[in-house]
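# Summary of the model geometry
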Amino acid sequence: MKRHEIVSYLKEKIISGEFYSGSYLPLRTDLIRECKASNVTVQRAINQLTAEGFLRSCGSKGIMVSNYPPNKYHIGVLMPAGSDRNSDTKYHAVNQALDCIEQNGSHISFVRYQISQETSRNDDEFTKLIYDLKEHLLAGVILPFAIPERLLIQLDGYPVIQIEPQNARVIRAVSFNHNYVMMTDIAVEQLIKAGAKKIAVIMGSGMPHFFIHEIEKSLCSNPNIVTKPEWLQSLSANLRDGIWARYLLKLLFSPEFKEHPDGLIILNENLLHPIMNALRDLNITIGKDIKICSHCNIPSANAACSDVLFLAFDWMDVFNKAIRYMKNFSQLEDSRFGKEFILPPKTVDNFVQQSISEIKQPQKEK
């Protein structure tokens, strides 16, 4: 056998469990005879598998199969490349959640791949991802950001967890989604408790039409609040200077209108600070003249705002759920695929004191 053939041969036995975690490889003389290869060729194959994390040297005791092989403990994560990642609080929350999970002793390791909307299947980063999947260097892939369908279909046949996918049925994957209608309903309850009754909603411009219609229906059917169709607005989540936020808030609070909202729901955390700045420019005091309940991602990269109520999507929770599905992916029933697992928002109490260290960590493996 050649080196790559020995690598494939030993890797198959490790993945199948014939060479189980914690066991030792056969004696070197037996491997040389079984593989019909030289000592040098066998050693090079062992070196490669050791570098990949399938084996580890125990000195004079021999070569042991790793307790934490990459096909079970390394998970690929597709992250946005380019400028978009710097303007999105979700990117920072995702990165911090991944770091927290890696540091908690679970032996899970995340391999990040930078993918953009312009990435092709032949780009180096995506080619590396496909190679790592084929070579069993990953347990699977988590997609916290939607990727182009031309790339997504290349992942079919591998364990994939996609979060907020554009289409949950393109490939055989487990899909998670955040429920913005539920978030709006909870935000309304929070604002009513804070004394607001006239509710407006501002969301990111990329919000799916289904959610927009359902949010409007939910608001209009609530007998405890007053709302208007024109109080349901959207802004680009990639705001750079906040000028459109100022224009929109001027319209909502124009003296020409008899009625103005006293409660505001913000369904995209990236819009929070431009909107707050616009309100201050209009001499509208947050917490007094208007109550705000905003979406946020935790762990949060944003400065805490004591005058704002927050509802969070917890990315630690998202990834812990994804890992559990990943470990049991081959045993999942077909009915699990094509449907979406709903991730409910969480009320964030005492947000000023919220820190990464206080966020619940997943239990260590025993």
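Everything here concerns the structure above.
As a starting point, this report considers the structure included with it. In this text the structure is predicted, and so the values were computed from the model without any measurement. (Residues numbered from 1 in each chain as written. Predicted model: local features only at pLDDT ≥ 70, side-chain atom pairs only at ≥ 80, totals over all residues. Heavy atoms only, no water.)

### Notes on the state of the cysteines
Operational definition: In plain terms, two cysteine sulfur atoms within 2.5 Å form what is called a disulfide here.
What the rule picks out here adds up to zero disulfides. For the unlinked cysteine C296, the closest cysteine sulfur is that of C293, found at 9.2 Å.

### Structural notes on the packing of helix α1 (residues 3–16) against helix α2 (residues 28–35)
Our working rule: Between N-to-C directions, angles span 0 to 180 degrees; the directions come from axes that are lines fitted to C-alpha atoms, helices contributing only their stretch in contact. Starting at the N terminus, helices and strands are each numbered in turn, a helix being any DSSP run of H or I of at least four residues and a strand any DSSP run of E of at least two. Angular relationships are summarised with four words: roughly parallel below 35 degrees, roughly antiparallel beyond 145, roughly perpendicular across 65 to 115, and oblique for the angles in between. Each crossing gets its handedness from the near helix: less than a right angle anticlockwise from the far helix is left-handed, clockwise is right-handed. Should any heavy atoms of two residues lie within 4.5 Å, those residues are counted as being in contact.
At a closest axis distance of 11 Å, the pairing of α1 and α2 adopts a crossing angle of 115°. On the basis of their axis angle, the class for α1 and α2 is roughly perpendicular. Here α1 and α2 pass one another in a crossing that is right-handed. Residues I6, Y9, L10 and K13 of α1 form the contact with α2, whose own contacting residues are L31, E34 and C35.

### Describing helix α12 (residues 315–327)
Operational definition: The span one expects for a helix is its residue count, reduced by one, times 1.5 Å. The cut-offs for exposure are 20% and 50% of the maximum accessible area for each residue type, with area from a 1.4 Å probe on protein chains only; residues under the lower value are buried, those over the upper are exposed, and the others partly exposed. N or O atoms within 3.5 Å of each other form a polar contact, as long as, within protein, one can give a hydrogen and the other can take it, and as long as residues adjacent in sequence are counted only when both atoms are side-chain atoms.
When the terminal C-alpha atoms of α12 are compared, their 18 Å separation across 13 residues agrees well with the 18 Å that a helix rising 1.5 Å per residue should span. In terms of burial, α12 is a largely internal element, ten of the 13 residues being buried. Looking at α12, one finds that the buried residues are W315, M316, V318, F319, N320, K321, A322, I323, Y325 and M326. Here α12 starts with a cap whose side-chain oxygen sits 3.0 Å from the backbone nitrogen of M316, and that cap is D314.

### Digging into the packing of aromatic side chains
Here is the rule we go by: Each pair of aromatic rings taken from Phe, Tyr and Trp, with Trp reduced to its six-membered ring, is defined by centres within 6.5 Å and is described as stacked if the planes are under 30 degrees apart, edge-to-face if over 60, and tilted in the remaining cases.
Using the criterion set out here, one finds eight aromatic pairs in the structure. Residues Y68 and Y73 carry aromatic rings whose centres are separated by 5.1 Å and whose planes lie at 90° to one another, so their mutual orientation is edge-to-face. Judged by relative accessible area, which is 36%, Y68 ranks as partly exposed. Look at Y73 and you get buried, because its relative accessible area is 12%.

### A closer look at the pairing of strand β3 (residues 74–80)
Consecutive residues of a regular strand have side chains that alternate between opposite faces of the sheet. As a reminder, the rule being used: DSSP-based pairing: two strands are paired if at least 2 bridges between them are found.
Burial analysis of β3 places six of its seven residues in the buried class, which makes it a mostly covered element. Pairing of β3 with strand β4 (residues 109–115), which is carried by seven bridges, proceeds in the parallel orientation. In the sheet register, M79 faces β4, and the bridge partner there is Q114. With three bridges connecting them, β3 and strand β5 (residues 140–143) associate as parallel partners.

### Focus on the sheet that holds strand β13 (residues 340–343)
Pairing is parallel in the open sheet, where six strands are placed in the order β4-β3-β5-β6-β7-β13. The strands lining the two open edges of the sheet, one partner per strand, are β4 and β13. Across the sheet, the mean angle from the axis of one strand to that of its neighbour is 25°, orientation sign disregarded. Bridging between strand β7 (residues 174–178) and β13 involves four bridges; their strand directions are parallel. In the sheet register, F176 faces β13, and the bridge partner there is F341. With respect to the sheet, α12 is in contact with β3, β4, β5, β6 (160–163), β7 and β13, its orientation differing from that of β7 by roughly 165°.

### Notes on the environment of S330
Residue placement: S330 occurs in the loop between α12 and β13. S330 sits 172 residues away from Y158 along the chain, and the two C-alpha atoms are 9.6 Å apart. Within the structure, the side chain of S330 is placed 2.8 Å from the side chain of Q331, a separation counted as a polar contact.

### Here we look at the pairing of β6
Burial along β6 is two-sided: the residues V160 and Q162 and I161 and I163 are all buried. Where β5 and β6 come together, three bridges link them in parallel fashion. Within β6, the position partnered with V141 by the bridge is V160. Both β6 and β7 contribute to a ladder of three bridges, which runs parallel. When the sheet's bridge partners are listed, Q162 is paired in β7 with S175.

### Looking at the sheet that holds strand β12 (residues 308–314)
Spatial ordering of the open sheet is given by β9-β8-β10-β11-β12-β14, a layout of six strands whose pairing is mixed. For this open sheet the edge positions go to β9 (232–235) and β14 (346–348), each flanked by a neighbour on one side alone. Taking the axes of each pair of neighbouring strands and ignoring which way they run, one obtains an average angle of 25° across the sheet. Here strand β10 (residues 263–266) pairs with strand β11 (residues 291–298) via four bridges, running parallel. In the sheet register, L264 faces β11, and the bridge partner there is I292. Here helix α8 (residues 180–193) sits on the sheet and contacts β8 (199–204), β10, β11, β12 and β14; the angle it forms with β12, its principal contact strand, is near 155°.

None of the figures reported here should be taken as evidence of function without further support.
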